[in-house]
Amino acid sequence: SAIQPVGCAVVLAFASISLKDAQDANVALEQKGNILSTVTQIPEGVDVQAMYAKRIKGFVVNYQGDVVPNIEPAKVNVESEYKKKPEDRVLPVYEFMNEADPTKVEAVVLPVYGYGLWNNISGFVALESDFNTVRGVKFAHKGETPGLGARIETDEIQKRYIGKRIFDGSSTLVSIMMMKGEGLNYADDHHKVDGMSGASLTGKGVNNMLKDYFSCYKTYLTKNIQ
């Protein structure tokens, strides 16, 4: 019957919409988990949505460090913004509030985006309440070489950034540089981390990504630095 294909199309369209809603919800939940994981351990079995709602306060700033009203940070497409000139981007900020004192900022989480060896890389960088010292990072990649550039997703690499600083002194932006080669100790250098053997181009991509986005957030951060 002629009705059957139409009915089938309606069912498929409905299924597609429902599936997209579910996929969008999963992406949003994963992002919330990634933001939280840069600043704190997420206890097993905890309700990530509830924890995020209680501890995270999000807003958007511009290149001048001013809050941009009426834009929801989670709705900002960082990939699309990356294609704009830095001074034209809108920049999400996620403040992690103190559990005992919800008015006190304990850390601030900033999205970052860039290009690795083969494809886009992205992530979140959390800074302590001094708006300078790294509390944690979460990096992701679309298509880096397995076991080489893809190591930016591992705890081993990400832990190297903890305690590093992005400013030298009060407001000189130095950023953090992943060095070429691997196996050296940069514990005494606030702005360098050990590299990834065989993946220096991905490391360079991470360096460019961090410098680019720290530059975008610089005015916002220096307004708050302690």
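Note that the coordinates shown come from a computational prediction; the quantities given were computed from them, not determined experimentally.

Our next topic: the overall build of the protein. Tallying secondary structure elements over the protein gives 5 helices and 9 strands in all. Secondary structure of the protein in N-to-C order comes out as α-α-β-α-β-β-β-β-α-β-β-β-β-α. Scored against the burial criterion, the 226 residues of the protein give a buried share of 40%. Within the protein, counting contacts between residues at least 6 apart in sequence, those at least 24 apart form 53% of the total.

We now examine helix H2 (residues 48–55). Buried residues of H2: Val48, Met51, Tyr52 and Arg55, and no others. Summarising the axial view, the buried residues of H2 lie within an arc of 100 degrees, below the 170-degree limit, and thus occupy one face. Of the exposed residues in H2, the ones pointing more than 90 degrees away from its buried face are Ala53 and Lys54. Where H2 begins, the capping side chain belongs to Asp47, and its oxygen is found 3.0 Å from the backbone nitrogen of Gln49.

A few words on the sheet that holds strand E4 (residues 120–128). Across the sheet, 5 strands lie side by side as E1-E2-E3-E4-E5; this open sheet has antiparallel pairing. Of all the strands in the sheet, the pair left with one neighbour each is strand E1 (56–61) and strand E5 (134–141). Averaged over all neighbouring strand pairs, the angle between strand axes comes to 20 degrees, with direction disregarded. Relative to E4, strand E3 (residues 105–115) runs antiparallel, the two sharing 9 bridges. In the strand pairing of E4, Pro111 is matched with Phe124.

Nonpolar side chains collect at one region of the surface, where Leu117, Trp118 and Leu201 lie side by side and expose about 320 Å² of accessible area between them. Here Trp118 is to be found in the loop between E3 and E4.

Bringing helix H5 (residues 200–224) into the picture now. Think of an α-helix as turning once every 3.6 residues; residues three or four places apart then point the same way. Helix length check: H5 (25 residues) gives 33 Å between terminal C-alpha atoms against 36 Å at 1.5 Å per residue, within 8%. Roughly 55 degrees is the biggest bend found in H5, and it falls at Lys218.

This part takes up the environment of Gly169. Looking at the element boundaries, Gly169 is found in the loop between strand E6 (167–168) and strand E7 (172–173). Given the relative accessible area of 53%, Gly169 is considered exposed. Gly169 sits 37 residues away from Asn132 along the chain, and the two C-alpha atoms are 9.8 Å apart.

Counted by the stated rule, this structure contains 15 salt bridges. One salt bridge connects Arg151 with Glu182, and the closest N-O pair in it is separated by 2.8 Å. Remark: Glu182 occurs in the loop between strand E8 (177–178) and strand E9 (192–193) and Arg151 occurs in the loop between E5 and helix H4 (155–158); sequence separation between them is 31 residues. Here Glu182 falls in the partly exposed class, since its relative accessible area comes to 32%. Members of the salt-bridge network, linked through shared partners, are Lys54, Arg55, Glu99, Glu106, Glu128 and Arg135.

One pair of aromatic rings is described through two measures. These are the centre distance and the angle between the planes. Overall, the coordinates contain 4 aromatic pairs when judged by the stated rule. Where Phe59 meets Tyr220, the ring centres are 6.2 Å apart and the plane angle is 70 degrees; that geometry is what we call edge-to-face. Note that Phe59 is positioned in strand E1 and Tyr220 in helix H5, a separation of 161 residues in sequence. Side by side, Phe59 and Tyr220 carry an identical accessibility label, which is buried. Clustering of aromatic rings is evident, with ring pairs tying together Phe59, Phe131 and Tyr220.

Below, the discussion takes up the pairing of E4. Burial runs high along E4: 7 of the 9 residues are buried. What sits between E3 and E4 in their antiparallel hairpin is a turn of 4 residues. Of the pairings in the sheet, the one linking E4 to E5 comprises 7 bridges and is antiparallel in character. Bridging across to E5, Ala126 finds its partner in Gly136.

On to unusual backbone geometry. Residues other than glycine seldom take positive phi values, yet Asn70 does so here, at roughly 65 degrees. With respect to the secondary-structure elements, Asn70 resides in the loop between E1 and helix H3 (78–82). Positioned with a positive phi, Ser175 is a non-glycine residue whose angle comes to about 70 degrees. Topologically, Ser175 is positioned in the loop between E7 and E8.

Criteria and thresholds
- Residues numbered from 1 in each chain as written.
- Predicted model: local features only at pLDDT ≥ 70, side-chain atom pairs only at ≥ 80, totals over all residues.
- Heavy atoms only, no water.
- Helix = DSSP H or I, 4+ residues; strand = E, 2+ residues; numbered from the N terminus.
- Buried < 20%, exposed > 50% of the residue type's maximum accessible area, 1.4 Å probe, protein only.
- Contact = heavy atoms within 4.5 Å.
- Arc of directions from axis to C-beta.
- Polar contact = N/O pair within 3.5 Å; in protein donor to acceptor, adjacent residues only side chain to side chain.
- Pairing = 2+ DSSP bridges.
- Axes fitted to C-alpha atoms, helices over the stretch in contact; angles between N-to-C directions.
- Patch = residues over 30% accessible without salt bridge, like charges linked within 9 Å, V, L, I, M, F, W, Y side chains within 5 Å.
- Areas by Shrake-Rupley, 256 points an atom, 1.4 Å probe, with all protein chains shown as cover.
- Salt bridge = Lys/Arg side-chain N within 4 Å of Asp/Glu carboxyl O.
- Expected span 1.5 Å × (residues − 1).
- Bend = angle between axes of the 7 residues up to and from the residue.
- Phe/Tyr/Trp six-rings, centres within 6.5 Å; stacked < 30°, edge-to-face > 60°.

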